[in-house]
Amino acid sequence: MAQGNNSIKKVLIVAFALCIVCSVIVSTAAVALRPMQQLNQELDRKTNILNVAKLYEPGMDVEEVFSDEIIARVVDLDTGEYSDEFDPETYDSFEAARDPASGRTLSGDQDIAGLSRVENYATVYLVGSEDDPEQIVLPIRGQGLWGLMRGFLAVEGDGNTIVSITYYEHSETPGLGAEVNNPRWQAQWEGKKIYAEEGVLSPEIHLTKGGASDEYEVDALSGATLTSNGVTNMLQFWLSEEAFGPYLAKFRSGTEPEDAEETDTNFEDVEGA
């Protein structure tokens, strides 16, 4: 006897066929939209860099302003000198940290930001002149309460005075740790100092409870102790000798970084997703 349209076999066949069709549609859409997603990610990155440098205005042509005002360079974190081994337009330091050829593992004492690994080279963004920049925008990242926090820190050309800080990626608690994106909290960073003495690569800047009392302190986030500790730890790491400390020391001493001499070691650029 012929099976009806509601038989289990036919229902399963229709369901399977529908799954296949939907999978093809979703996969095709994902591939087709990938270039647009990458462009949007790049635009968001440039917007955040302009924002932390206090150059962003609503409605502006981000691409044009970024091209006119920002110079990207790749820095050797060990020496603090610029490197031409990588193209700053395609180099992704976050991905480079995962590669044994272009990153290194941090020991327990070194890994105060909870990164496990760090890149050997990082991209920085200079505002104005490359030889005598008005600002230096540094990428920073580290563990917060619920996951990795990624952002930018803008420093004046003296290599010691903070302009602003911003976070473009985090999973902190709304109303608590997520207040890292509150303009009122971010405004406290302007004019704060990083290092207490010239030549010293250990940063003094940190978050503190009960109100900041000097130029090296910023008010901690209310009710978000672990997020506040995460912010302090990532700054203590990225501004130390393990990361951007040697680079900023050159500006503090009045001798800007130079292009490192070419070596026989060549690495392929690590392109971001």
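How each quantity is defined
- Residues numbered from 1 in each chain as written.
- Predicted model: local features only at pLDDT ≥ 70, side-chain atom pairs only at ≥ 80, totals over all residues.
- Heavy atoms only, no water.
- UniProt positions renumbered as here; feature names shortened; annotations may be inferred.
- Buried < 20%, exposed > 50% of the residue type's maximum accessible area, 1.4 Å probe, protein only.
- Helix = DSSP H or I, 4+ residues; strand = E, 2+ residues; numbered from the N terminus.
- Pairing = 2+ DSSP bridges.
- Expected span 1.5 Å × (residues − 1).

An unreviewed UniProt entry lists the protein under the name Na(+)-translocating NADH-quinone reductase subunit C, with Vreelandella sedimenti as the source organism. Regarding the protein, the UniProt comment filed under Sequence similarities (unreviewed entry) reads as follows: "Belongs to the NqrC family." Recorded in UniProt under Function (unreviewed entry), the annotation for the protein is "NQR complex catalyzes the reduction of ubiquinone-1 to ubiquinol by two successive reactions, coupled with the transport of Na(+) ions from the cytoplasm to the periplasm. NqrA to NqrE are probably involved in the second step, the conversion of ubisemiquinone to ubiquinol."

Before going further, it helps to examine the pairing of strand S6 (residues 133-143). Counting buried positions over the 11 residues of S6 gives nine, a clear majority of the element. Across four bridges, the pairing between strand S5 (residues 121-128) and S6 is antiparallel. Counterpart to valine 127 in the pairing with S6 is glutamine 135. Hairpin remark: S5 followed by S6, antiparallel, with four residues in the connecting loop.

This part covers helix H5 (residues 225-238). Its 14 residues give H5 an end-to-end C-alpha distance of 20 Å, which sits within 8% of 20 Å, the value for a rise of 1.5 Å per residue. Every buried residue belonging to H5 is among Thr227, Ser228, Gly230, Val231, Thr232, Met234, Leu235, Phe237 and Trp238, and all of these are buried.

Ordered by their spatial adjacency, six strands build an open sheet running S2-S1-S5-S6-S7-S8, and the pairing between neighbours is antiparallel. Each edge of the open sheet carries a strand with a single partner, namely strand S2 (82-83) and strand S8 (162-169). Here S6 runs beside strand S7 (residues 148-156); their pairing, made up of nine bridges, is antiparallel. Residue pairing across strands places isoleucine 136 opposite valine 155, the latter belonging to S7.

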